[in-house]
Structures are given as structure tokens and as C-alpha cells.
Amino acid sequence: MTCPHAAAAAVGTVRAYPFGDHVDLRLDPDYAELRATSPVARVRMPYGGDAWLLTRHADVKKASADPRLSMHAAADHDVPRAAPRALDSVGLMGMPPESHARLRRLVSRAFTARRVAALRPRITEITHDLVDAMVADGGPADLVSRLALPLPTAVICEMLGIPRTDQHVFRAFTEALMSASRFTEEQVAQAAEEYADYLRGYVAQRRAHPEDDLISALIEARDEGGRLSEDELLMLTGGMLVGGHETTANQLAGQALVLLDDRARYERLVADPGLIPATVEELLRYVPLWASVGPSRVATEDVEIGGVTIRAGEAVVYSLASANRDETVFDAPDDVVLDRAANPHIAFGQGPHFCLGAPLARAELQCALEALTGRLPGLRLARPAAELDWHRGMLVRGLVELPVTW
Ligand code: HEM
């Protein structure tokens, strides 16, 4: 066991976090420096005090899979964190481990690789419909509002059985939830209340008129199997709706930008569509999801990570983006290598909270790149990458618009 004083000496001063205000795809150079010199570093978070920040691939992987570093212990507490609103205990991530495992089992069947493979023709159809409409209206067009956002929104709405026309309700909540500084805690709480009211009303309606969708299946599991409570039903539905579109939308727009900013990359995919699955993985590695870090964990007992003792009660955050650029794991980590041979990225996390929707997100990203490169070989940016606007004050990185032409 490492002496905590030695750890503190190695850690040095507490750095203010996040390091810079990068909202585009660039990573602050502090991450590379910390990986080399202080991979378990003390940082002052924007809310709730000081936390340990992990930046190396091995440490992030180990910490994510360690049940003693608990999201549940962080839920509903004023823990050091990146967001104004603490993770709450009703979300899947904040659940006690037993409820988390039971509920995950219940919904994970809808997201297996096999179920997603069966959905793929429909995902392809939705993608082509969106590209058709964009082409019919003529360029230049905004790829965010024409494809990146509506594609995952349509897919998750269809899976759950939520009408796409209701998207203003869950978009408003998603924006509030994903806010780092754009909204106050009260505004976020109010948006959460409105969202919960909407979901309650919608579930009541579906209960009266069941369909062949995931909400109806969960209602049946609740009413006939007694396998989840009403609150859990609402929480699962609400979480999947939010988690199922915003992340993929930002990732898709980011991936398209990286490919079009250096058109040789895009042309390579046009010439060799077989490279698309590997490209999607490489871009998942390269395009950061979070502006800073995701949800905090709290140590339920003393845990040693990277030679530093995290004391029981202390908070830990980690940078997936930094882990995915770890030079000890990836050759030329800051380069985009479309056919990278070994790519053990952890863009979907690791361990018990590994992204439930990873197979779905992968299918959507692949379908989108297939449709774009197949249908629009001449696609190019209509505005230089340096002049693009990015959302500010949010937890995730996202383009406001991605103007393209073809
Ligand atoms: C490219 C798109 C996506 C990325 C990069 C992504 C990333 C992640 C990451 C990193 C986590 C783990 C967070 C942590 O451990 O701190 C996670 C969890 C989760 N994701 Fe995704 N996600 C994506 C798309 C989706 C989609 C399409 C869904 C659809 C339902 C989804 C649903 C979830 C859920 C429910 C969890 C919580 C799992 C749990 O706590 O057991 N995600 N995601």
C-alpha cells in the first residue's frame, strides 16, 4: 500500500479543472503532461471541491471496473463534479448495484448486437430518407440538423415508441442535463420535473394502448412480471431517450468533421467502404465525447490506483479522451489512422456501466458513413473547420452546425 503522503507529494499542487475551455475536438496539453508526470492528479472541480483525476488508459480501465469506486455513492450528494446537478440515484448510473444489475438485465436484451443487427435495415432506411431529403433541398446544408441529430433521435424514438414530434420535450431536458454552466441548478431541476411529467403522461397513454415497442415491453414487465417499479420504468425510459440520441449526434457530427477536414480521409472511404467499421472505431477513439469528464465516482473504501491511495469518501473522475490518447497503448495517438490495427479504445467506458447503447451507436455511425460516402462522394465542408461554432457551457462537445455541400 502506498503512503498517502508520498502520493500527495507526487501529486503536487491542486490544479483548477477543467484545464482550458476547449469545446472543439482539441485536447488540452495538460492531459499528456499529467499522463507522463502525475497520472492520478488532484484537481479542483467546478462544483463540490477537489477530486482525483485519472488520465492513463490502464488506470481509467481499472477504476471503471472497480466496484469500490461507486457512482451510486456519488449520487444525490454534493460531491466534486463537472456539472451543476449531482448525478441522481434514480438514473441507471446512480442506482445501487443490485438494482442496477437487475434493470440492466431487463433492458439490455433490446440492445444486444443481434437485436441491433436486425434493426440495421431500418436504420439504413431512416439514414437514406434523411440524405434524400437533404439532397432534394440542395446544398449547402447543415449536417447536424439534417442527419447527425435526427438519425439517432428517430431510431431511439422508434425503439421506445415515442413520437418524434415530441422531441422538443426531451431535447429541452437533454440540453439542461448536459449543461456544465449554461443553466442554473434550479433551471436544470425544473427541466427534469417537466420531463418527468411528460414521461408519466406518456407511459399512462401507452399502458392504455400498448404497441410493439420497448416502453410497452417495460410496462408489461412492470404490471405483469412485477420486475420493476413505476419510478424505475420512468427512469429507464427517460435515460435511454436522453442517452440514446445526444451522444451519437455529437459523435456523428465530430466524425464527419474529421473526415471532411482532411478530404483524403473521406475519399479513402469512398474508394474502400470496407474501411468504415474500423474508421468508426478510430474516430470513437479520437473524437472526445465529454468536454471535460463524465460522472464522478466516490471510493467506498481505500483503493489504490496508479500508486496513489484514494481514501474512502474521496471523489474520482477520469478522462476517457485522455485514456484514448495514451501513448503507451496507441501508436501515434494524436493521428487519425483509419485502418488502425489494434484499437482498444474505451470511448464507451468499461465495467458495469459500459455503454448500454454501444452496438446501436456503432450501427448508426456506420450506416451514416456508408450512406454519405456511397451517395455523396463529393461531400465537402462549406465552411472552414476553424470557423465552425461549438456549443459552450455543455458537458459534451458538439457542433452547433456543420455546413456541407456536395
Ligand atoms: C457514440 C455514442 C455514445 C457514446 C460515446 C457513449 C458513451 C457512454 C459512456 C462513456 C458511458 C459510461 C459512462 C461512465 O461509466 O462514466 C455510457 C453509458 C451509458 N450509455 Fe452510452 N454512449 C453512446 C451512445 C448511447 C446510446 C445510443 C444509448 C442508447 C440507449 C446509450 C445509453 C447508455 C446508458 C443507458 C448508459 C448507462 C449504463 C449503465 O450505467 O449501466 N448510449 N455511454
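Check the entry above for the structure.
Residues numbered from 1 in each chain as written. Predicted model: local features only at pLDDT ≥ 70, side-chain atom pairs only at ≥ 80, totals over all residues. Heavy atoms only, no water.

Quick look at the site of the ligand now. Among the 27 residues in the neighbourhood of the ligand, the closest are listed as His100, Arg104, Arg297, His353 and Cys355. Between an oxygen atom of the ligand and a side-chain N or O atom of histidine 100, the distance comes to 2.6 Å. With respect to the ligand, the backbone of glycine 243 contributes an N or O atom lying 3.5 Å from a nitrogen atom. Looking at the shell around the ligand, the elements that each hand over two or more residues are helix H5 (97-108), helix H12 (230-243) and helix H13 (246-261). Counting residues per element, the shell around the ligand draws most heavily on H13, at three residues. Partitioned by chemical class, the residues of the shell around the ligand number 16 nonpolar, nine polar and two charged. (Near = heavy atom within 4 Å. Polar contact = N/O pair within 3.5 Å; in protein donor to acceptor, adjacent residues only side chain to side chain. Helix = DSSP H or I, 4+ residues; strand = E, 2+ residues; numbered from the N terminus. Nonpolar A, V, L, I, M, F, W, Y, C, P; charged D, E, K, R; others polar.)

Among protein atoms, the single one acting as a donor to the iron atom of the ligand is Cys355 (SG), 2.3 Å away. By the secondary structure assignment, cysteine 355 is in the loop between helix H16 (320-323) and helix H17 (358-375). (Donors = N, O, S within 2.8 Å, 3.2 Å for Na, K, Ca; no water.)

Judged by pairing direction, the sheet is antiparallel, and its three strands sit side by side in the order E5-E11-E10 without closing on themselves. Because the sheet does not close on itself, it has two edges, and the strands there are strand E5 (141-142) and strand E10 (380-381). For E5 and strand E11 (residues 403-405), the ladder comprises two bridges, and the chain directions are antiparallel. Residue pairing for E11: aspartate 142 is matched across the bridge by proline 403. (Pairing = 2+ DSSP bridges.)

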